[in-house]
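Below, each chain spelled out in residue letters.
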Amino acid sequence: MRRARRTLAATVTLAVASTTLTGCFEEPSPHDAVRDFLVGWQTEDYELAAGRTDGDPAKVRKALADTKLELDAASFRFKITSLGVEGEESKANFHAEVDLGENNPLWEYDGVLPLHLVDGMWRVRWSPSVLHPQLKEGQRFAVDTEPNARMPVVDRANDPLQSDTILYVAGVYPAKLGDRAEEVVARLSEVTGYAQDRLLSRVRSSPPEKFVQLVTFGRSRYQSMRAKLDAIAGIVVQPQDQPVNPDPPRQIVGSVSALTPETEQKLGGPQRAGDSVGKSGLQQAYQNYLTGSTETKVITLDLKTGKEVAQLKEWPGRQNVSVKTTIDRAAQQAAEQAVADTETSALVAVQRTTGEILAVGTKGLHQERDALAGKFPAGTAFSIVAADALLKAGVSPKQRLACPQERTVGGAKFVHVGQNTGVTTSATFQEHFAKGCVTALASLARRVTAGDLDRSAQDFGIGQPWRLPLKSFSGARPALSSDADKAKAIAGQNVQVSPLSMALVAATVASGTWRPPVLVTEPKTADPAADPVPATQPAPIPMDPKIRATLTTMMRAGAVGTPAQAGKGKVYGVTAYAGDQQTWFVGWQGDVAIAVLAKNYNAGAVAGSFFAGLGSSS
């Protein structure tokens, strides 16, 4: 990682007006000596700076060069604030800005340059206090850093959703290296790929008695490099416990790795040796919250003892915090068990009254890319949304409809395959809804307008612009320009949804109000540098109470006598076919609404297993 460098002017700014300089001073003026010293220091022309002091040039040059190394400074900038003369004595006050690099703030302080005439020339009266008023003989600068330990991602009960894993941090004690610092760092750079100059500057700027963290390794990488590290005399490896091993839902929580040269350069910011880096999921999305930033202090040290003498400046760094999710451990365990016997499935559970995501379980699918952000055909599960429009249009749940094996609507052909309807060719709308007869449902296309279907889809959140900190998909509904388009929409053949968006559909009927999903409750934004006011989510949308009551009855009929009704409490929902051997279950029990998508497996059976498991754990 290249340190952030501020582009600085190569000249010293004089705050004193030129009329004051020319009107008050007799020749020779101290102005030139002040200018040459500060410009030389700022531009690393230490020969120029030393030549305008009364000190030993070699010692002054070394002191200025050491100051840059001891502070690991990217640059210096100076501004003269006043300049006065009393006989053969003069004093210049200046303001210093020191860029400590590593994206630390500027260190600003005020200093004083005492001057006097020596053989007719103005010279800076040399002492360490010229560099800083509190620096004395026998002392040096140092930068003391303290990285914050990574904070955990937690569930709704504030329990960590990951366990500790050992990371290995290689570093040095500068005092024990003596004059071997460059050699040790060069060998470590060769082995690890980290930039040698950055490693060396960290060593030289740190307190000599303190362990300086240089490189972090995960277990496997450390084992592969252990022999090479052991061969470098002076390198010390310290194991550190960090909360990085994710618990379920693992792909939502995300993985973490040790900092590498590549990730250090890519991330920039406060990351440095000893840190871990989120690679996926919430660990990646909230990286800067979880790892925080390094606490930094500029101090002076006694050269003989190595002990701290004075603290010149402190930056506490940005405080790192836990990320609090809405995940419920009992619901997550039930979801994991429910999908275990399938080959390909996804289950998303939400709290019906809040939209908070309680669990995400998958088998053969990805929890983020598929369960939250997957784009799947809705199939007849979309009949829940279509029923809202049809009931509002006056279609009675008692209306009798035929359920032929095939039907054509507006030129579009519908074939009922994949499951037995379990009803006669003539049954009620409610019965065909409960059993998912696609040909019967498609026949109602002329009873509803395209606008009616579009409004109901919007009211159930399909295509709404809600956002999560992870990838997600709210659904996509097409423009409906014909009876064929409407029939396909009712059958869910031209509508795409995710398991998450369908769990929210179930929650809408269960609670009477559609609400956007919630996964993280604290912090409010994924980027600590962003506006603290979170992005506005779509407002909740209430259902018509009468329509909700009717649809609730219809969904109860859809669950009775199915594998979904495996537990003791009443289950509401529908099992639907979505083509390509995929089935949906969309429904709820109690305060938990779910959507299950399964391939070559009955989604209703997965739902029943989940509800039974949830009941046994409560």
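Rules of the game
- Sequence positions are assigned chain by chain, starting from 1 and proceeding in written order.
- Owing to the predicted nature of the model, reporting of local features is limited to residues with pLDDT of at least 70; listing and counting of side-chain atom pairs is limited to 80 or more, with chain, interface and lining totals taken over all residues.
- Hydrogens and water are ignored here; the side-chain numbers use all heavy atoms of the structure.
- Helical segments are the DSSP runs of H or I of at least four residues, strand segments are the runs of E of at least two, and each set is numbered from the N terminus.
- Burial classes: relative accessible area under 20% of the type maximum marks a residue as buried, over 50% as exposed, and values in between as partly exposed (1.4 Å probe, protein chains only).
- Residues count as neighbours in contact if any of their non-hydrogen atoms are within 4.5 Å of one another.
- Each accessible area value is a Shrake-Rupley result obtained with a 1.4 Å probe; residue values ignore everything except the protein chains displayed when judging cover.
- Per-residue confidence from the prediction method is given by pLDDT, with values spanning 0 to 100.
- Only strands that DSSP links by at least two bridges are regarded as paired with each other.
- An axis is simply a line fitted to the C-alpha atoms; with a helix, the fit covers only the stretch in contact. Between two such axes, the angle follows the N-to-C directions and lies from 0 to 180 degrees.
- Throughout, nonpolar core names a set of buried Ala, Val, Leu, Ile, Met, Phe, Trp, Tyr and Cys residues whose side chains join them through atoms within 4.5 Å.
- The span one expects for a helix is its residue count, reduced by one, times 1.5 Å.
- What qualifies as a polar contact is a pair of N or O atoms within 3.5 Å, subject to a donor-acceptor requirement within protein and to the restriction that residues adjacent in sequence count only when both atoms come from side chains.

Participant: Any chance you could break down the overall build of the chain for me, citing the residues and the numbers?
Facilitator: The secondary structure content of the chain amounts to 22 helices and 29 strands. The proportion of buried residues among the 618 residues of the chain is 52%. Counting contacts in the chain only where the partners sit at least 6 residues apart, residues at least 24 apart contribute 68% of the total. When the accessible surface of the chain is totalled, it reaches about 26100 Å², and 48% of it is carbon and sulfur.

Participant: Any details on the confidence of the model for the chain? Residues and values, ideally.
Facilitator: When pLDDT is averaged across the chain, the result is 89; 89% of the residues are at 70 or more. Low pLDDT, under 50, characterises residues 1-27; the predicted model gives this stretch 57 contacts beyond four residues in sequence or across chains.

Participant: Could you give me a rundown of unusual backbone geometry, with the residues and numbers involved?
Facilitator: Omega for the bond connecting Pro248 with Pro249 falls within 30 degrees of zero, at 0°, which places this linkage in the cis form. Along the chain, Pro249 turns up in the loop between strand S10 (236-246) and helix H9 (250-253). Here the amide bond leading from Glu522 into Pro523 is cis, since omega sits at -5°, within 30 degrees of zero. Its place among the elements puts Pro523 in the loop between strand S25 (520-522) and strand S26 (541-542). The phi torsion at Glu44 lies on the positive side, around 65°, for a residue other than glycine. Relative to the elements of secondary structure, Glu44 occurs in the loop between helix H2 (31-43) and helix H3 (46-51). Its identity as a non-glycine residue notwithstanding, Asn600 has a phi of 55°, on the positive side. With respect to the helices, strands and loops of the structure, Asn600 is situated in the loop between strand S29 (592-599) and helix H22 (603-617). What makes Asn600 exposed here is its relative accessible area of 55%.

Participant: Report on the sheet that holds strand S27 (residues 572-577), specifying residues and quantitative values.
Facilitator: What the five strands build is an open sheet, ordered S17-S16-S29-S28-S27; its pairing is antiparallel. Of all the strands in the sheet, just strand S17 (357-363) and S27 have a single pairing partner and so form its edges. The sheet shows a mean angle of 5° between the axes of neighbouring strands, direction not considered. Bridging between strand S16 (residues 344-351) and S29 involves eight bridges; their strand directions are antiparallel.

Participant: Account for the nonpolar core, with residues named and values stated.
Facilitator: Ile384, Phe429, Leu551 and Trp584 are the most contacted members of the largest nonpolar core, which totals 88 residues. At nine residues, the largest contribution of residues to this core is made by helix H20 (residues 499-511). Residues in contact with Ile384, not counting those within four places in the same chain, are Phe433, Phe460, Val505, Val509, Leu551, Met555, Val574 and Val586. Formed by 36 residues, the second largest nonpolar core is a distinct cluster that contains Phe76, Phe94, Leu135 and Val143.

Participant: Residue-level account of helix H21 (residues 545-559), with values.
Facilitator: Helix length check: H21, at 15 residues, gives a terminal C-alpha distance of 21 Å against a target of 21 Å (1.5 Å per residue), a fit within 8%. As for H21, its buried residues are in contact with helix H15 (383-392), helix H16 (429-435), H20, S27 and strand S28 (582-589). Of the residues flanking the start of H21, the one acting as N-cap is Asp544, its side-chain oxygen 2.8 Å from the backbone nitrogen of Lys546. The first or second residue beyond H21 is Gly561, which carries a positive phi of 75°.

Participant: Mind laying out the sheet that holds strand S7 (residues 153-154), listing which residues take part and the relevant values?
Facilitator: What links the strands of a sheet is backbone hydrogen bonding, and the strands pair in either a parallel or an antiparallel sense. Strand order in the open sheet made by the three strands is S7-S15-S25, with mixed pairing throughout. Where the open sheet ends on each side, the last strands, each with one partner, are S7 and S25. With two bridges joining them, strand S15 (residues 323-325) and S25 adopt antiparallel strand pairing. In the sheet register, Lys324 faces S25, and the bridge partner there is Glu522.

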